[in-house]
Every structure is written in C-alpha cells, then in structure tokens.
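Each chain, written out:
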Amino acid sequence: LHVYSQYQRRRAAALDAGDADGRAAVRAARDAVLSYQAAYLPGAEADYALPRFWAAAEAHTLGDIEQARALLEPVVREIGGANAEIWLELAALERECGGGVDRARGVFRRAAGVVGSHAPHEAAALRRAWLSFEGTHGTLSQLQAAEARCATIAVAQRERREAAAERDGAAAAA
C-alpha cells in the first residue's frame, strides 16, 4: 500500500496545474488504498502512517490543505492525546501549506489541552515546540500568553498525575 501510494504521489507531482481529471484519479486511488487498509488491515499501523502520508501529499503535492485536514482529523481524534508528533505535523502543514501562522497557533492551543494526559513527555515536547513557534512567528504578547498557558496546563497535569498516584497507592495499601 505504501509503495502504491508513493507511486500515486509521484504521479500527482507530475500533473499539470489544471489537470482536474488527473487529480481526481489520484484521489480515487488514495481513497481505494485507505479503504483497503481500513477493511483488511485495521490496526496494522498504530502510527497511522498511511493517512499521514496522504495528508502530506494533499497539502504539499496537490496543494489542498482542506483535504489534508480531512485526512488528519480522524487520526488526531484517535491518537492525539498520546502523541505530540501528529499535532506537530498538523501545525506544520497549516503553517507551510496555506493555513498560515494563525491556524498553526490554533492547532498548538488545541493540542496543549489534549496532549499529556496519557504521556507527560509528549506534553513537554509539544510545549517546547509551541514556545519555539511563538518565539519565531509570534509577538511578545503571544509568546507570553503561550508561556502562561503552558505553565497552567503543566501544573494541572502534574496535579492530576499526583492525585492518581495517591489513589493507586491507597488502593494498593487497602
């Protein structure tokens, strides 16, 4: 499936800008590949590599950020809380392929509240990336707002982990 997808991406890259039929054929192949994977290989890729590949191909090769978002949203809903990498990919796609800095900032804000409840190290990586993003693309007030939000979220996540550890310790003692 990956090799065929690579072939289709190369085919899309060779299309003329106005070749609507060629784009439709590539998207039909994409839909067939993703449907086949969903029907016959569910759970084969825990990292959702194929939909992520196609989202990047839509954004970078075909220039359609809306299609890229539509492909990534189900992945974000499925694994977003435990995986900062998918959020970073989405933010990069937004920034680089037409969504702009404000859309990327929105992705970081959304992700900051979701990532980390399952994997604290993922939340730390996301916070570092967001602060770096704001340092590069934002104003001083936007950076300060991101720092404040990151600090608030980090404290809340730490408190939840400590409370869970206390409950687990009390349950083990009983």
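Please refer to the structure placed before this passage.
Predicted model only: the values in this text are computed from it and were never measured.

A.B. asks: In this structure, what is going on with the overall build of the chain? I would like to understand it.
C.D. replies: When helices and strands are tallied, the chain shows 8 helices and 0 strands. Its C-alpha atoms give the chain principal-axis dimensions of roughly 65 × 45 × 20 Å. A total of 174 residues make up the chain; the buried ones form 36% of that total. Relative to all contacts within the chain whose residues are 6 or more apart in sequence, the contacts with residues 24 or more apart total 58%. Accessible area of the chain: about 9500 Å², with a carbon and sulfur share of 54%. Taken together, the 21 basic and 23 acidic charged side chains of the chain have centroids lying 2 Å from each other.

A.B. asks: Which parts of the structure should I look at to understand unusual backbone geometry?
C.D. replies: At Y48, a residue that is not glycine, the phi angle is positive and equals roughly 55°. Position of Y48 relative to the elements: it lies in the loop between α2 (20-40) and α3 (49-61).

A.B. asks: Please explain the pattern of salt bridges as it appears in this structure.
C.D. replies: Note on pairing: side chains with opposite charge can pair once their charged atoms come close. Following the criterion strictly, the structure yields 15 salt bridges and no others. The residue R69 makes a salt bridge to E66 at a minimum N-O spacing of 2.4 Å. With R69 and E66 both in helix α4 (residues 65-79) and 3 residues apart, the pair spans about one turn of that helix. In this structure, E94 and R69 form a salt bridge, with 2.5 Å as the shortest nitrogen-oxygen distance. Of this pair, E94 sits in helix α5 (residues 84-96) while R69 sits in helix α4, and the two are 25 residues apart along the sequence. For the pair shown, E94 and R69 are each scored as buried. Connected through shared salt-bridge partners, R27, R30, D31, E58 and D64 make up one network.

A.B. asks: Looking at this model, I keep getting lost on the nonpolar core. Mind explaining?
C.D. replies: Where a protein is soluble and globular, its nonpolar side chains tend to be buried together. Of all hydrophobic cores here, the largest spans 38 residues; its most connected members are W54, I86, W87, L93, V115, L126 and W130. Broken down by secondary-structure element, the contributors of at least two residues to this core are α2, α3, α4, α5, α6 (100-114), α7 (120-137) and α8 (140-173). For this core, the leading source of residues is α4, giving 7 residues. The residues touching L126, leaving out its near neighbours within four places in the chain, are A84, W87, L88, F108, A111, A112 and V115.

A.B. asks: Which parts of the structure should I look at to understand the side chain of Q37?
C.D. replies: If you trace the backbone, Q37 turns up in helix α2. On the basis of relative accessibility, which here comes to 12%, the residue Q37 falls in the buried class. Once residues lying within four places of it in the same chain are set aside, the contact partners of Q37 are L1, P42, E45, L50 and P51.

What counts as what
- Residues numbered from 1 in each chain as written.
- Predicted model: local features only at pLDDT ≥ 70, side-chain atom pairs only at ≥ 80, totals over all residues.
- Heavy atoms only, no water.
- Helix = DSSP H or I, 4+ residues; strand = E, 2+ residues; numbered from the N terminus.
- Buried < 20%, exposed > 50% of the residue type's maximum accessible area, 1.4 Å probe, protein only.
- Contact = heavy atoms within 4.5 Å.
- Areas by Shrake-Rupley, 256 points an atom, 1.4 Å probe, with all protein chains shown as cover.
- Lys, Arg positive; Asp, Glu negative; His and termini not counted.
- Charge placed at Lys NZ, Arg CZ, Asp CG, Glu CD.
- Salt bridge = Lys/Arg side-chain N within 4 Å of Asp/Glu carboxyl O.
- Core = buried A, V, L, I, M, F, W, Y, C linked by side-chain atoms within 4.5 Å.

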